[in-house]
Structure formats: structure tokens, C-alpha cells
Amino acid sequence: MSVTLLVIQGPYVGRQIQAGTGQVFRVGRTDRSEHAFPNDTYLSGAHFEVTCDEQGCRIRDLGSSNGTFINGAKIEQAGVQEGDQIAAGETIFLVQPADQEQATVPPELAPLSATQFSPVERTARMYAPGFEPIPQEPSGPLTDERKRALHILTHHGTALFTVIDAAREGMADLLQSSGLRQQPLFEVEAADPSASHNPILVELVQGSSPGVGADTQTFLENLLRCGWGKSWGIFCTSPSPFEDLLEHFRSFLLMKTKDQEPLHFRFYDPRVMRAFLPTCEPQELRAIFGPVDSYLVESDRSDMMLAFSPGADRLITAQVSLAEPSAQVQAHAG
């Protein structure tokens, strides 16, 4: 049996592993594994092993700190088949046919109500040795690049929102002290302090507001100081009210694959957004944008911000340089 393991969530969205008959290989964080994912700091050095023969493919956990899960169930070893989801660390693999013409992050996802979805049960999350959380940066002036990002966000001239992961280190305290209007997207997980993700919609600037309030200014400065470049969340602009945006984002936070398996779509992770939007067809872009005029996300470079907006029949991507006092913008459609 031959299959493709496609990464559909985590730092390596879009990466593929071909698993053919007669192959045995390990997946993990270090070079102890044939397929290493060093930026997933919740993976063990050698996390799980894949064995494929004529009867099928099997997964065996290699004593990992955080466990290996298939379709939400923790396993020591188990067989896998097409459509299964393998979760390890912060990475989720979708098992696809090896002869599929083009393996892609599945774009045809049917919305799933939050009340129909049971969160994946996980053990207490543990960082890999040597990757413990870095203490938050002390208060101090923003770097020049972050100052320019702040200027762009606070001078955009339209209503501004952010969707951020409140489960990140220090984010809950930042939100609690902000005084800004906010609402969890996934209310079930918001009440669970052990949840590994907790997306929150926050209103930063109202459309009728003549400027940025002190609460927003302070919140954005702290967010950029501690979280810029760490994939804590995304920004968006929209003329629609807070309630409409909340309903829109909840409509595709939880989805189903073609095989009706539940999938948590972490669109609020800039790495996911950067990988997913360019793969979308026009009708998919209309569904993802809806009431949103533009998405503003960090690039994989600290001196660059990306602005995505829907064109007539394709995605418009603007690359905004944060390296110069007068930000330079390059836009392309594709």
C-alpha cells in the first residue's frame, strides 16, 4: 500500500511525505527521524514510525512526550487508511492516496457546527527539551519594523479587527487587561484552560471612530512587542459589525473533509493563511473573505507584512515593506 501524508495544520502546511510499500521511516523534530519538522517544538525527536507493506500502513508512537493521535484517539500503534488524520505535536497529517493527481490542502470543506464537534483529547502539552517558552520581552521601545507595522495598523482608515490565539503564552493576561470588545470563536474550548488553541475575535478600531483609542494603542504595542513574528494571530478590515464577523469566522472554524471527518481550520495562524489563500478558487475566496475587505498578516520575514484582498477572479496579494520609514508596497494577483 502506498499513501501520501499531507500536512494540513502546523508550521509545515502543504509539506508531503510519500509512504510506499516496503518503507519504514520515522517522523519527528530532529535528525533522529528521516522526516524532521524542527519548527514544531511540541514534537519529540523521533515521534512516530510509519511502516507500509502490501497489507497496509501502520503508525507506531515512539514514546513521545505528547502522544500520537489518529482521528482524535491517542494510539500506541494502529493501522491508517485514506482520509485519516494523524496528529503529533502541533502538526496534523491527512492520509491521501499516493496516486492522487495533486495533493493539496483540501479546499472543499463543508462547515461544521461547533456543537457537533468534540475537541481532540490530548495529554498536557509539553515542549521538546530545549524549547521551553521564552520569557516575554521586557517593556521597552518597539523595533523600527514593529513601529511601522503599528503605524500601518493604526492608520488604515477603516474598521480593524484581530483574531488571535489566546492560548499562547501571556496572551490571556494581555486580553484581560485590554478593555477591548472580544469574543471567543470556539466557546467550548474557551472554557477549558487545558485547550491547546483558543481563537478570540477582538475589535480594535470601529468604522465610525476618528482615531485609535488609548486601549487599542496600548494593546497593539504589547501585541507587536511580544507576538509579532510568532504567528499569534491575524488582522482584518471590514465595514461589517462585530456580530457579523463573529458569525462569519465561526462558520468555517470547524469544517469537514470530503470524507466527513472533522477538521479544525486554524485560519488565524498566519502560516496557514499564507499557505491556504493562494490555493483557493474564486468561489472559495468569496467564502473565506465574506464580509472581510482584507486580511493583514505577518510574512515569514520580520521586515514584511502581507495584505490579502479578493480581486474580481483571483487573490490580490500586497507585500508591504516594514524596512523603510515610508513603507513600500508591491502587489500582485495570483
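Here the structure is a predicted model, which means the values were calculated and not measured. (Residues numbered from 1 in each chain as written. Predicted model: local features only at pLDDT ≥ 70, side-chain atom pairs only at ≥ 80, totals over all residues. Heavy atoms only, no water.)

1. Points about unusual backbone geometry
Part 1 of the reasoning: Positive phi outside glycine occurs at Asn 71, with the angle close to 55 degrees.
Part 2 of the reasoning: With respect to the secondary-structure elements, Asn 71 resides in the loop between strand 7 (68-70) and strand 8 (73-75).
Part 3 of the reasoning: Taking the relative accessible area as the measure of exposure, Asn 71 reaches 37% and is therefore partly exposed.
Part 4 of the reasoning: Of note, the phi angle at Ser 231 is positive, near 60 degrees, even though the residue is not glycine.
Part 5 of the reasoning: When you line up the elements, Ser 231 lands in the loop between helix 4 (214-227) and strand 16 (233-237). (Helix = DSSP H or I, 4+ residues; strand = E, 2+ residues; numbered from the N terminus. Buried < 20%, exposed > 50% of the residue type's maximum accessible area, 1.4 Å probe, protein only.)

2. A short note on the pattern of salt bridges
Part 1 of the reasoning: This model, assessed by the stated rule, comprises seven salt bridges.
Part 2 of the reasoning: For Arg 26, the salt bridge identified is with Glu 34, shortest N-O distance 3.0 Å.
Part 3 of the reasoning: Classification of Arg 26 as partly exposed rests on a relative accessible area of 31%.
Part 4 of the reasoning: Residue Glu 243 pairs with Arg 181 through a salt bridge whose shortest N-O separation is 2.3 Å. Of this pair, Glu 243 sits in helix 5 (residues 242-253) while Arg 181 sits in the loop between helix 2 (171-176) and strand 14 (182-184); the two residues are 62 residues apart in sequence, bridging distant segments of the chain.
Part 5 of the reasoning: Judged by its relative accessible area of 39%, Arg 181 is partly exposed. (Salt bridge = Lys/Arg side-chain N within 4 Å of Asp/Glu carboxyl O.)

3. With respect to helix 7 (residues 282-289)
Part 1 of the reasoning: By the burial criterion, the buried members of helix 7 are Glu 284, Leu 285, Ile 288 and Phe 289. Down the axis of helix 7, the buried set is contained in an arc of 125 degrees. They therefore lie on one face.
Part 2 of the reasoning: As for helix 7, its buried residues are in contact with helix 5, helix 6 (270-276), strand 19 (294-298), strand 20 (304-310) and strand 21 (315-321).
Part 3 of the reasoning: Backbone geometry just after helix 7 places Gly 290 at a positive phi near 50 degrees. (Arc of directions from axis to C-beta. Contact = heavy atoms within 4.5 Å.)

4. With respect to the sheet that holds strand 1 (residues 3-9)
Part 1 of the reasoning: Strands sit in the order 2-1-11-10-7-8 across an open sheet of six strands; the sheet is antiparallel. Edge strands, defined here as strands with exactly one partner in the open sheet, are strand 2 (16-19) and strand 8. Adjacent strand axes in the sheet meet at a mean angle of 30 degrees when their direction is disregarded.
Part 2 of the reasoning: In the sheet, strand 1 pairs with strand 2 via four bridges, with the strands oriented antiparallel. (Pairing = 2+ DSSP bridges. Axes fitted to C-alpha atoms, helices over the stretch in contact; angles between N-to-C directions.)

Note that all results are geometric; they support no functional claim without further evidence.
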